[in-house]
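Fold and contact review
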Amino acid sequence: MSSMYEKYGLKPVINASGRMTILGVSTPSDDVAETVRYGLRHYFEMKDLVDKTGAYIARLLEVENAVVVSCASAGIAQSVAAVIVKDNEWLLENLHAEPLTVPHDIVTPKGHNVNFGAPVGTMVQLGGGRLVEAGYANECSAAQLSAAVTPQTAAILYIKSHHCVQKSHLSVAQAAAVAREHQVPLIVDAAAEEDLHCYYRDGADLVIYSGAKALEGPTSGLVIGRRQYVEWVKRQSAGIGRAMKVGKEGILGLTQAIENYLSQRRPSSAEMVAKMTPFIDGLNQLPGVQASVVWDAAGRDIARTEIRLDERVIGQSTAALVQALKAGDVAIYFRGYKANEGKVEVDVRSVTPDQLETIVDRLRAVIAGGARA
Ligand SMILES: *Cc1c(COP(=O)(O)O)cnc(C)c1O
């Protein structure tokens, strides 16, 4: 299958950036790929497939209800539509036909109004919601969240993500308490998170995950939560959900990936550090480079390599170096969120030891080029 690269003239990629949509997110196991193939090759009564895989996932996760959707973004849009439309037949088919008179404000901490590759607000609008920000760019307490809730509020939306402002923001459990106090549902977007239990247990009514990120499923998403809310999400397949249809292969593939995820041991952070150590030693031989282990800023159990660059020694900006690595015959992608501070991060989970050596070699060459210039 490597001929696909030749057939279409595509560049091989070393993904040292983590589960990134721009690189295709993850590479599911043979077992999941087999399940996807089975799904593609058979017919099903689709309503039954949705309901029964949902019940199966709900049992696995010890939650009331679950549904597979096409991606986490679709999960956000359909969850928003679900809490606005509920059982209303007319609204289901006319969500965007005219200004809404039912409550449709979606209250979110200002520091959670992020762009994860597309804006959270766009997904809220797709679902018929109006995003209302609570608190400030640097803080949102339970009291500030509560103060933003009005009779027009349809739900509180909490984005659990490394993209969000972390400091001085309330927890999911605190947001759940605010939601209960006002009798509105709490939707948690946990798209890239690894814990499939804690947000539901903390009191969220709907929790959304991306199928291809931590779960390493096919392109898909998962919505879990309280029975009625998930049923309302399912109804959206006859409304806005039709524009984000998930196929039988995605439903079966993600269900299998979840089962595998729960039963398989994941590499411990100590193992990630062991894999990184020779790599870090190699990097520290390079001029202007200082490498060390850092931990995920959002508290997930992920160790990464942080590379600090002395821009005077390497003779180029960090951004230029990152660009040069992407532009090679093999495209090398780092986590570049902190390039403006002279730092990049390497996520080694999807990188083989051979590829780690290639990265050091390419970095050496790019630095030599910059220092000569
Ligand atoms: C990745 C991500 C999404 C979108 O997930 P998709 O499955 O790609 O639609 C939404 N929210 C957050 C916080 C994310 O990290």
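The rules behind these values
- Residues numbered from 1 in each chain as written.
- Predicted model: local features only at pLDDT ≥ 70, side-chain atom pairs only at ≥ 80, totals over all residues.
- Heavy atoms only, no water.
- Pairing = 2+ DSSP bridges.
- Helix = DSSP H or I, 4+ residues; strand = E, 2+ residues; numbered from the N terminus.
- Axes fitted to C-alpha atoms, helices over the stretch in contact; angles between N-to-C directions.
- Contact = heavy atoms within 4.5 Å.
- Salt bridge = Lys/Arg side-chain N within 4 Å of Asp/Glu carboxyl O.
- Buried < 20%, exposed > 50% of the residue type's maximum accessible area, 1.4 Å probe, protein only.
- Phe/Tyr/Trp six-rings, centres within 6.5 Å; stacked < 30°, edge-to-face > 60°.
- Lys NZ or Arg CZ within 6 Å of the ring centre and 35° of its normal.
- Polar contact = N/O pair within 3.5 Å; in protein donor to acceptor, adjacent residues only side chain to side chain.
- Parallel < 35°, antiparallel > 145°, perpendicular 65-115°, else oblique.
- Left-handed = near helix turned anticlockwise from the far one by under 90°.
- Nonpolar A, V, L, I, M, F, W, Y, C, P; charged D, E, K, R; others polar.
- Domains from an automatic or database assignment.
- Right-handed = clockwise from strand over helix to strand, strands pointing away.
- UniProt positions renumbered as here; feature names shortened; annotations may be inferred.

1. Description of the sheet that holds strand β10 (residues 303-309)
Read across the sheet, 3 strands follow the order β9-β10-β12 without closing on themselves; strand pairing throughout is antiparallel. The two strands at the open ends of the sheet, each matched to only one other strand, are β9 (289-295) and β12 (343-346). Taken over all neighbouring pairs, the strand axes of this sheet differ in orientation by 30° on average, direction set aside. Where β9 and β10 come together, 7 bridges link them in antiparallel fashion. The residue of β10 that forms the bridge with W295 is A303. Packed on one face of the sheet, helix α12 (residues 269-283) meets β9, β10 and β12 and runs near 25° to β10.

2. Digging into the pattern of salt bridges
Evaluated as defined, the whole model comprises 21 salt bridges. A salt bridge links E271 to R265; the nearest nitrogen and oxygen atoms lie 3.1 Å apart. Here D296 ties to R304 by a salt bridge, and the two come within 3.1 Å at their closest N and O atoms. Per residue, the accessibility class of D296 equals that of R304, and both read buried. Residues joined in a network through salt bridges with shared partners are E194, D296, R300, R304, K338, E345, D347 and R349.

3. With respect to the packing of aromatic side chains
For the structure shown, the criterion picks out 1 aromatic pair. The ring centre of Y261 lies 3.9 Å from the NZ or CZ of R266, which sits over that ring.

4. Considerations on the side chain of H112
With respect to the secondary-structure elements, H112 resides in the loop between β3 (105-109) and α6 (120-126). Judged by its relative accessible area of 2%, H112 falls in the buried class. Side-chain polar atoms of H112 contact the backbone nitrogen of I159, separated by 3.1 Å. With near-sequence residues (within four places) excluded, H112 lies in contact with V120, Y158, I159, C164, V165 and H169.

5. What about the packing of helix α2 (residues 30-40) against helix α11 (residues 248-263)?
Between α2 and α11, the shortest axis-to-axis distance is 8 Å and the interhelical angle comes to 155°. Our classification of the angle between α2 and α11 gives roughly antiparallel. Crossing handedness for the pair α2 and α11: right-handed. Touching D31, V32, T35, V36, G39 and L40 of α2 are K248, E249, L252, G253, Q256, A257 and N260, all from α11. Tallied by class, residues from the contact of α2 with α11 come to 5 nonpolar, 5 polar and 3 charged.

6. Observations concerning the domain arrangement of the chain
Each domain of the chain was delimited in the assignment, giving domain 1 (4-23 + 266-371) and domain 2 (43-263). The straight-line distance from the C-alpha centre of domain 1 to that of domain 2 is 33 Å. Contact with domain 1, which involves 10 residues of that partner, is made by 13 residues of domain 2. Here E194 makes a salt bridge to R349, at a shortest N to O gap of 3.8 Å. Remark: the boundary between domain 1 and domain 2 carries 4 residue pairs in polar contact (both at pLDDT 80 or more). Partitioning the side of domain 1 that touches domain 2 into residue classes produces 4 nonpolar, no polar and 6 charged.

7. Some points on helix α10 (residues 227-235)
The complete set of buried residues in α10 reads Y229, V230, W232, V233 and K234. The inward-facing, buried residues of α10 contact α3 (46-61), β2 (65-69), α4 (72-85), β7 (206-210) and β8 (221-225).

8. Some details on the pairing of strand β6 (residues 186-189)
Residues L186 and V188 of β6 are buried on one face, and the alternating residues I187 and D189, pointing to the opposite face, are buried as well. Looking at chain direction, strand β5 (residues 153-159) and β6 are connected through 4 bridges and run parallel. Looking at the pairing, L157 lines up with I187 of β6. In this view, the connection linking β5 to its parallel neighbour β6 by way of helix α8 (residues 172-182) has right-handed handedness. Relative to β7, β6 is paired through 3 bridges, and the arrangement is parallel. Of the residues in β7, the one forming a bridge with V188 is V207.

9. Quick notes on the UniProt feature "modified residue: N6-(pyridoxal phosphate)lysine" (unreviewed entry) in the chain
Using the residue numbers shown here, the UniProt feature "modified residue: N6-(pyridoxal phosphate)lysine" (unreviewed entry) corresponds to K213. Structurally, the position occupied by K213 is in the loop between β7 and β8. For K213, the residues in contact, after removing those within four places along its chain, are R19, V25, S26, A191 and A192.

10. Thoughts on the sheet that holds β6
If you walk across this open sheet you meet the 7 strands as β2-β8-β7-β6-β5-β3-β4, and the pairing is mixed. Of all the strands in the sheet, the pair left with one neighbour each is β2 and β4 (130-134). Between one strand and the next, the sheet's axes are offset by a mean angle of 25°, whatever the strand orientation. Across the sheet, α11 touches β2 and β8, and the angle it forms with β2 is around 125°.

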